[in-house]
Structure formats: structure tokens, C-alpha cells
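A look at the structure
These are the residues of each chain, in order.
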Amino acid sequence: MERHVARHVTAVKEEFQADVTINRVAKFARTVPKKLPSASRQYLLDKLPIIQWLPRYSPSWLIQDFMAGLTVGVLLIPQGLAYAKIATIPIENGLYSCWIPAAVMVFMGTSKDLSTGPTSILGLLTAEIVRDLKNEYTPTDISSAVAMMVGIWSLLIGLLGLGFLLDYVSIPVLTGFISATAFVIGMGQVDSLVGLDDVPDGAFNQLANILRRLPYWDGPTCGIGFGTVIVLLALEKVGKKWGSKHFAIRYISSSRAIIVMVIFTLISYLVNKDRDEYLWDISEVSTHGIQTPKAPGAVLLSRVIARSIAPLVACTLEHQAVGKAFARRNHYAIDQTQEFNYLGVTNIVNSFFGVMPVGGAISRTAVNSECHVRSPLNGAVTAGFIILTLYVFSPALYWLPSSTLAAIIIMAVIHLFGPLSLIWRYWRISLADFIACMVAFWVTIFVSAEIGIGAAAGWSVAWTLLRSAFVTPTIHASGTAGASSSFSSSGTQQSLARVFSTTTTLQQQQTQTQSPNNSESMTENASGPAIPDDTVVIRFGDSLFFPNANRNKVESLEAVQLVYPSVQNPHYSVEAERSWSVAAERRLERLRAQRGIVMRQMPLAVVVWDFGMVPFVDATGITALAELKDDIRRQLGFGVQIRVVGMTPAVRRRFARARWLLGDADGLVDGGADVVYPSLERAIWDERDRDSLKGVTTEKS
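In this report, we go over the structure that sits alongside the text. Keep in mind the model is a prediction, meaning the values are calculated, not measured. (Residues numbered from 1 in each chain as written. Predicted model: local features only at pLDDT ≥ 70, side-chain atom pairs only at ≥ 80, totals over all residues. Heavy atoms only, no water.)

Time to look at the packing of helix H4 (residues 62-86) against helix H17 (residues 362-370). Close contact between H4 and H17 brings their axes to 9 Å; oriented N to C, the two are set at 165°. With respect to each other, H4 and H17 are oriented roughly antiparallel. Considering only the axes of H4 and H17, their crossing is right-handed. Mapping the contact onto sequence places Ala68, Thr71, Val72, Leu75, Leu76, Gln79 and Tyr83 in H4 and Ser363, Arg364, Val367 and Asn368 in H17. Here the contact of H4 with H17 is composed, by residue class, of six nonpolar, four polar and one charged. (Axes fitted to C-alpha atoms, helices over the stretch in contact; angles between N-to-C directions. Helix = DSSP H or I, 4+ residues; strand = E, 2+ residues; numbered from the N terminus. Parallel < 35°, antiparallel > 145°, perpendicular 65-115°, else oblique. Left-handed = near helix turned anticlockwise from the far one by under 90°. Contact = heavy atoms within 4.5 Å. Nonpolar A, V, L, I, M, F, W, Y, C, P; charged D, E, K, R; others polar.)

Take a look at the structure:
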């Protein structure tokens, strides 16, 4: 009996010792205490990026940072007022919303270009919530509560690493949503532009009503409004034509909103100062410095918890997209998780001062970049100028014409409308993407912005599930002549080419060393052909579409950067000179040390994309691949070749519809085309244009 019990005890003990989950937990418990101090230190450094970039700050950058900060501060005045008008809150609250985001950016931001503050889209989404609750609470209290909840949601996303959830809002959905909000916002301002009252809700209802009442348009108001539009258009055209030749002209064009505001406010003052009844509506801005902090009520917060999700999605998507775009353009990288934390802290602190939600704005960010800003320190200048305006300059804004403000809004949002060529591109690439774009557009116009983005995202997810449910197998069988062939369920026959498995190719390249017995520098790959040291094979393990496209792009680029040295690209030399942050480089260094990776001495020459496991690609996936290709050439050499293998006919047709140039290895290849190979071995070893390595080597030297 005792022997039987002992045998069972031994069996149970062996079972526990071999249990994978228990071993993982035990290993975690052993390693965490050792790594906790260094991990905590790195965590704090990541949360306060200023600690990393401030020691690198050069005093010579102060002038450019000062000019950029001042310019953005000036731009924030008309934009803050205008976007508060969209949000249907007192327009001076738009100014209250501007100074804290700029100040917090100095300490927590990972982008030197991003300008955070009120935006038109957040104004519209806030206005919808204000409209539903204004009978119970004041507009200022409602917008402040929305700002706090946006901040709380954003901070939770950042701290818990849930940013991937936003990947379920695809690029076509975002295009349709932004285009619709631009149309709704623009139509909502036309009544102020022409001096009409009692205009109904709904963009098309407003359009019909305004046109029907054309004889009743107010003459002086139209003169001010359309005069503002003409001056804005003229300054914009001048900037496009001559701005590249003269910095002063480019600066004036970028500051056109503040210029027209000054001109027409002065006209309004001179015309109306001695009148008992003004010729046109004026804004009557009244500020008395920074407001006394006041926390939003708990009951009101509970009312906007769910309603704040739509502003959160719009805020974070626009903020991240603008930040990533300008980081790529100016040759550095942002920390997306930290940007969520920054948005969270900014909106939470801001909500105590009677504000609306804030996020990154493309127009101000573009101006910041054009001013050659050097670091986030420009935010201190912007915050200081806004505070100065609240205490000193605001009385002059009392005379600002409402029609001028409406014209500024209309001219700002007109550029947000997605070009028809982009919508046509979605139609060509994927019907599902086109439908998602149209759902977002029309539902936003006819129902609401909240339901519009939710319905379109829901359609995209539903389509993905349906497509997965109806996946059909491809059957491999012997052909009539004994050759292998593959047959899909649709009855079409395809040749069955030998494609080696490369699941761990890139990881093996990161850890294996050169073979000393081989005259050719190469890496042994047990699961396929040998790979030269100047070549990387990236195998995508599933469909490339909106939920995983960005993650595939980011991880592929990072894996390549871990192994190969960055090469200064002469095509992007201007951007490359403006180095201010080494956070991305230091992160790569930490990862190399943790994984024991030694960088190659040879620059990268060839990147092979293996599509053998990719049955489907959508517009977001193609966009991500285009960005990956551009990033590789920006950071690892303009001569790096992109080679493709294992691409199915269906996927290749989508690339063709997206006008991506591809050529067959056995045919004539256009000079700018990426080459498609029938097998991985040929893609790796084909010497076609291998001389591009000389160009890469030249860059390094």
C-alpha cells in the first residue's frame, strides 16, 4: 500500500515538475526580482522623455524652437476660438484648452513636431454630447467632463498596452469619417458666414435652407465672411507658389489665419465701436486669465463615460497618425504607448480648467515642422504665449467678427475632405474597404459622428469574420503529366512552386554568426536555403489587413534594425541632420544586449518578402507595406532591393489595382518595379541588380 502511494506521489511530483505553466510561473518569479530595479528605472525614463533628450539639447536650437513655439501659439488663437465654436461652448474656452497640452508636451511628448490642442473633429463630437445634455448641465461642464473621460480612457490604454484595439479602425473607415465630419462642420458654419439665423440641423437640410434663403443673406456679414475666405485663399496660393523660395513668404502663408483675424478684427472695431447696434455679429470674447480649477462632477462623468469613446477614438487615431507621419518625414521615431500616456495626462489635467478634449492637429504640426523645430521645448514658448494672450491680448478679440471665425473654420476643414482619387483607390483595391469608407461617410452625415465611426468599424470587423468563415482550402494533387499542381475550390489551376519554409529566418539571422569556412558571407538556415549576410527574409504569417498591418510593419522594421546598421540616406539628408532624440536607438541597443545580437558589419542589400502564407491583403495592409518599404530605404539605404516570393494571383491583383509596380523575375522588369520570384532560393540568390550593394556601401563610407 505504501509503495502504491509512493508511486502516485512520485508521478504527481514528476507531473508538476514537467508542467509547462508551473515552470513558466516559477521562472517568472525568479527573474522578476532581479530585473525589477532596472526595469523600474527604464519605465520612469520612458514616462518622462525629457530626461533622455534634454542632456543632448544644443543652445543653438533655441532660436528655431522659440520661433516654432511662437508661431504655433499665434495659430492656436484663431483655431482655439474656432474649434470651441464648433463644440458649441463659449469660444474663450478654446483658449483655455491650449496652454496645458503645450506645457505637458515638453515633459512627456516623444514628438518634436506634434502640436496638441483643440481640433475640428473633437469639436464636432463634443458638440453632439453637449446638444444631448445641455438642458441639464452647462456646455462648459459637459465638455470638461468629456475631456476628463477621454484622458482617463487614453491613460488606461497607455498603461495597459491596449493601443492595438484602435487598429480595428481601418484607414478607409478613418478617411470616410474625417471627410464626413469636414462636410458637416463646414455646412454648420455657413449660416454664420452669410448672416442667417434659425437654420435647421443636418448638413443637407442646412444646405437646402441656406440656398432657399439666398435673398435674405446679410450684405455686411457676407462682405466680411467672403472677404476672409478670399484673403485666406490668396495667402495659401502665394505660399504654395513662392513659399519654397522665401522663408518669409512661407511663414506669412502658414500664419494666414492669425493675419485675417487681426485684419478683420481691426475693421470690425473701427466700424462698430461707436454703434449701438453692430453691423454684423461679433464674438465678444471675454477672458480673465486662467480659470480657477474645478473638477467635473461624478454624476456628469458617469453620463459621458460611454459617449466619450467616440472622441477618444478620433483623438488618439489622429494624434498617432500625425505623429508617426512627421516622425517618418523628419527621421526619428515616436513612442506610441507614451503618446497615449501623454494624451491621458494632458486631458485629465486640462479638464479642471473649463476646456474641450484635445489631440494632435495636422495643420499646426505641419507649420511646426516647416519652422524646423528642434525639440519639444517649443511647447514652453507656446504655453507662455497663450497665457500671455489670456491675460493681456484677449480684450482685442472682443471685436472678432463671427463670420471671420466661420470662414477660418470652413477653410481649415475643407482640406480634411479625402480626395476622390483616394476613395477611387479603395474601390479598385477592395470592395469591402470602399463599403467601410462609405458607411462611415454617409452614416456620419445623416445620423451622427459617433454612430458613423462605430458602424463602419463594426462593418469591417463583421466582414473579417465572414471572410474567415468562408475560407476554402487549396488541394495539391498530381497533374496529368505527373507534375504537382494545386486546385482551389473555384476550379482554377495553379502551378505548385517549391517555396522553402522561412518561419524563423529573421530570428536565426539575428542570433547566428558568420560561417568561417565559407568564402561567401552567409547564414545557415536549417529550414531553407542559406542566406547571405546582406539579405533578410521576412515571412508574413497571415493575411495583411487592418487589425495586424501596423504591427507587421513595426515589428519587421525593428527586427531588421536590430541586425543591420543605419545608413545615412542622401535622399533624406535634410531630415537626417535634425537629430534630437536617441530614444529609439537606445531601445534597439537594449534589445540587442538582452537578446545577445551582434550587428552585421555589412549593410543591408536585399529584403525578401515571403507572401507564401498571405491569402488576403486590404488597402490598410498595402499602405503599411508601402510605409515599410519607404522606412527601410530611409533608414537602411536607398539602394536596398525589395523582392517578393510566394504571392498568390489574388494578392498580386490587389497590388496591381493599387498601382504597385511588380515585375516577374523571368520577364522584362520596369526600373522602379519590385521583382516577384517563383521560389525563395532564387529571390535570395538572384544577382539581378545586385550592384545596388555598391550604392549602400558608398552611403556608409
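Let us look at helix H11 (residues 219-242). Think of an α-helix as turning once every 3.6 residues; residues three or four places apart then point the same way. The first and last C-alpha atoms of H11 sit 34 Å apart over 24 residues, in line with the 34 Å expected at 1.5 Å per residue. Taken residue by residue, H11 has Thr221, Cys222, Ile224, Gly225, Gly227, Thr228, Val229, Leu232, Leu235, Glu236 and Gly239 as its buried positions. In this structure, the buried side of H11 is in contact with helix H9 (171-194), helix H12 (247-254), helix H13 (256-272) and helix H19 (402-413). (Expected span 1.5 Å × (residues − 1). Buried < 20%, exposed > 50% of the residue type's maximum accessible area, 1.4 Å probe, protein only.)

With that settled, consider the packing of aromatic side chains. Taken as a whole and judged by the stated rule, the model has 23 aromatic pairs. Judged by centre distance (5.6 Å) and plane angle (70°), the ring pair of Tyr269 and Trp399 falls under edge-to-face. On the criterion of sequence distance, the pair formed by Tyr269 in helix H13 and Trp399 in the loop between helix H18 (378-393) and H19 is long-range, its members being 130 residues apart. Ring plane angle 75° and centroid distance 6.3 Å describe the contact between Phe545 and Phe616, whose orientation is recorded as edge-to-face. A residue pair is termed long-range when its members are at least 10 positions apart, and Phe545 in the loop between strand S8 (535-539) and helix H24 (549-563) and Phe616 in the loop between strand S9 (606-610) and helix H27 (619-636) qualify at 71 residues. For the pair Phe545 and Phe616, one class covers both residues: buried. (Phe/Tyr/Trp six-rings, centres within 6.5 Å; stacked < 30°, edge-to-face > 60°.)

Spatially, five strands are ordered S8-S9-S10-S12-S11 in an open sheet, and the strand pairing comes out parallel. Edge strands, defined here as strands with exactly one partner in the open sheet, are S8 and strand S11 (662-664). Direction aside, neighbouring strands of the sheet carry axes that sit 30° apart on average. Two elements, S9 and strand S10 (residues 641-645), share five bridges in a ladder whose sense is parallel. Bridge assignment links Val607 to a residue of S10, and that residue is Ile642. (Pairing = 2+ DSSP bridges.)

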